[in-house]
Amino acid sequence: MKWWLLCMGLLMTNAHAEMTEQQRAVHVLNRLAFGPRPGDIASVMSMGVSRYIDAQLDPDSILLPTEYRQRLDALTAQTVPTEDLIQALRPDKQADAEARKQQRTELIKQVAEHDAQLRLVQALYSPRQLQEVMVDFWFNHFNVFANKGLDRVLVEDYERNAIRPYALGHFRDLLGATAKHPAMLFYLDNWQSVGAGTELFRPLAKAGKSSGLNENYAREVMELHTLGVDGGYTQQDVTELARMLTGWTFYPRNLGQRDDGFQFNARVHDNGDKQWLGYHVASQGEREGEFALDVLAASPVTARHISYELAQYFVSDTPPPALVDKLTRRFLDTHGDITQVLRSLFDSHEFWDVSNVGSKFKTPYQYVLSAVRATGDDVSNIRPIMGTLSQLGMPLYGYLTPNGYKNTADAWENPEAITQRINFATALATGHLPLNREPDMGKPAPMPEIDAGDLLSTLGVSISAQTRATVMSTATDRLRAAMVLGSPDFMQH
């Protein structure tokens with residue numbers, strides 16, 4: 001308890017110094033990556049901070065280590081085909097109901113663990129760290145909840161095929177990929193939206209049945225994905241966009257087959273004229289939805305909304321207006337080229353302003369990943385990480401509503417959360433997290449305790465001289481590493 005109080009005291013007295021070259025290296029490793037692994041700071045300083053940023057913005061230029069690539073290939077090979085998963089979840093009237101339920105429960109559990117392992121292995125060990133950071137950013141921006149029906153078995157495919165390939169591409173492509181993926185169509189119910197006047201329109205049908213117009217996706221694509229909550233649209237625009245998107249659907253029975261994924265069903269499309277955001281939209285079938293996404297992706301309001309979110313994620317909880325203006329112009333000039341917008345952000349004065357360095361409070365995801373990376377541990381059992389993320393209020397793929405997890409301090413910084421982080425830090429540093437045990441293989445081999453000197457060397461100047469002195473003078477040898485990982489310095493980035 002005594003050292004916990006010291007950590008809390010340090011939180012109130014942390015200060016920043018002028019930036020050195022090592023501080024610049026630490027800053028990019030904390031913001032463009034999930035924190036340094038052993039040797040990373042020296043490596044970035046050796047190649048130069050500018051070259052490191054250039055490489056991260058061009059992830060294909062970074063070679064993947066053979067051992068990492070083989071591990072990723074092995075995990076990918078274990079992915080169960082979507083059609084098999086859908087078949088397994090389908091009710092079977094011939095089978096014993098209770099046994100079938102248990103089989104489905106076990107399958108969903110296995111899929112969730114496999115999906116989490118794929119995400120975490122890449123986030124922890126990929127040298128293409130900015131790509132992993134942007135996967136985290138965009139997944140929250142285009143959030144789907146993994147515990148809703150079919151999304152239990154669609155989330156991994158959604159991240160792999162709709163988010164990851166476009167994380168550093170053009171925003172319009174990313175918007176289109178997420179809009180058409182079955183995970184999003186199912187999560188926000190557009191797959192069941194039926195236009196008035198069509199043969200399947202039944203406005204008084206029971207809830208959950210294909211019946212009438214559903215506005216959920218139309219509302220969220222404007223409020224969260226593009227224009228923002230104050231984006232200047234009206235409820236009438238939501239309704240009209242929902243009409244334009246009728247027929248955008250998928251057929252669960254066809255998933256995994258040749259014609260899997262997105263389908264346009266002309267039988268349920270509303271063929272009437274629409275008035276949307278000042279445009280008169282004549283009947284064009286599927287093209288109406290594409291037109292809407294074109295307009296939304298090219299809107300200056302969307303450019304500002306996305307620029308604000310990027311500046312908030314990478315620079316400050318309250319982004320400088322001048323930086324948002326600059327990124328907005330870059331977004332519009334490059335037609336939503338995310339890499340070019342990020343390049344402007346990383347070149348900006350605001351990104352390097354000492355008042356913004358170390359100023360962001362890590363989300364639970366960033367905190368746990370950065371702690372594991374800093375120790376250099378080789379993780380073969382991700383269950384303790386998944387459990388910790390749940391305890392800290394950020395279960396992977398587990399945010400219920402479409403707005404996704406926040407990345408600002410007001411969402412995560414409170415005494416209870418700090419206590420839980422310190423408990424995690426203590427377990428990790430003292431070798432009490434069985435990260436090296438294959439699941440279900442019995443009692444784990446003891447994890448080595450983390451050496452505080454090695455840890456401080458890995459983290460470099462991100463741990464202040466004041467914190468270092470406090471740790472080395474007051475903690476026992478066994479708890480020094482825990483105190484570093486539980487310090488206010490480490491909770492910030």
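The structure displayed is predicted, hence computed values, not measured ones.

## A closer look at the side chain of Gln129
Here is step 1 of the chain: Among the structural elements, Gln129 can be located in helix α8 (residues 129-141).
Here is step 2 of the chain: Since its relative accessible area comes to 3%, Gln129 is described here as buried.
Here is step 3 of the chain: At 2.9 Å, the side chain of Gln129 and the backbone nitrogen of Phe34 are in polar contact.
Here is step 4 of the chain: Within polar-contact distance, the side chain of Gln129 engages the backbone oxygen of Ser126 at 3.0 Å.
Here is step 5 of the chain: Discounting chain neighbours no more than four positions away, the residues touching Gln129 are Leu32, Ala33, Phe34, Tyr52, Gln56, Gln122, Ala123 and Arg373.

## Section: helix α22 (residues 415-429)
Here is step 1 of the chain: In this model α22 runs 21 Å from its N-terminal to its C-terminal C-alpha over 15 residues, within 8% of the 21 Å that 1.5 Å per residue would give.
Here is step 2 of the chain: When α22 is considered as a whole, its buried residues turn out to be Ala417, Ile418, Arg421, Ile422, Phe424, Ala425, Ala427, Leu428 and Ala429.
Here is step 3 of the chain: Looking at the residues trailing α22, positive phi occurs at Gly431, about 80°.

## Brief notes about the domain arrangement of the chain
It is common to give the size of an interface as the accessible area that goes away when the parts come together.
Here is step 1 of the chain: The domains assigned to the chain are domain 1 (300-356) and domain 2 (364-491).
Here is step 2 of the chain: The C-alpha-based centres of domain 1 and domain 2 are spaced at 30 Å.

## Focus on the packing of aromatic side chains
The relative placement of two aromatic rings is captured by the distance of their centres and the angle of their planes.
Here is step 1 of the chain: Taken as a whole and judged by the stated rule, the model has 23 aromatic pairs.
Here is step 2 of the chain: When the ring of Tyr313 is compared with that of Phe314, the centres are 5.0 Å apart and the planes differ by 65°; the resulting orientation is edge-to-face.
Here is step 3 of the chain: On the basis of relative accessibility, which here comes to 6%, the residue Tyr313 falls in the buried class.
Here is step 4 of the chain: In this structure an aromatic cluster arises from ring pairing among Phe137, Trp138, Phe142, Phe171, Tyr313, Phe314, Phe331, Phe346, Phe351 and Trp352.
Here is step 5 of the chain: The positively charged end of Lys148 is found above the aromatic ring belonging to Phe186, 5.5 Å away from the centroid.
Here is step 6 of the chain: When the ring centre of Phe262 is taken as reference, the NZ or CZ atom of Lys180 above it lies at 4.9 Å.

## A word on the pattern of salt bridges
Here is step 1 of the chain: Here the structure, examined in full by the defined rule, presents 25 salt bridges.
Here is step 2 of the chain: In this structure, Asp294 engages Arg172 in a salt bridge whose closest nitrogen and oxygen atoms are separated by 2.6 Å. Highlighted residues: Asp294 in helix α14 (residues 287-298) and Arg172 in helix α10 (residues 171-180), separated in sequence by 122 residues.
Here is step 3 of the chain: With a relative accessible area of 31%, Asp294 lands in the partly exposed category.
Here is step 4 of the chain: Several salt bridges share partner residues, and in doing so they unite Arg172, Lys180, Glu286, Arg287, Glu290 and Asp294 into one network.

About the cut-offs
Residues numbered from 1 in each chain as written. Predicted model: local features only at pLDDT ≥ 70, side-chain atom pairs only at ≥ 80, totals over all residues. Heavy atoms only, no water. Helix = DSSP H or I, 4+ residues; strand = E, 2+ residues; numbered from the N terminus. Buried < 20%, exposed > 50% of the residue type's maximum accessible area, 1.4 Å probe, protein only. Polar contact = N/O pair within 3.5 Å; in protein donor to acceptor, adjacent residues only side chain to side chain. Contact = heavy atoms within 4.5 Å. Expected span 1.5 Å × (residues − 1). Domains from an automatic or database assignment. Phe/Tyr/Trp six-rings, centres within 6.5 Å; stacked < 30°, edge-to-face > 60°. Lys NZ or Arg CZ within 6 Å of the ring centre and 35° of its normal. Salt bridge = Lys/Arg side-chain N within 4 Å of Asp/Glu carboxyl O.

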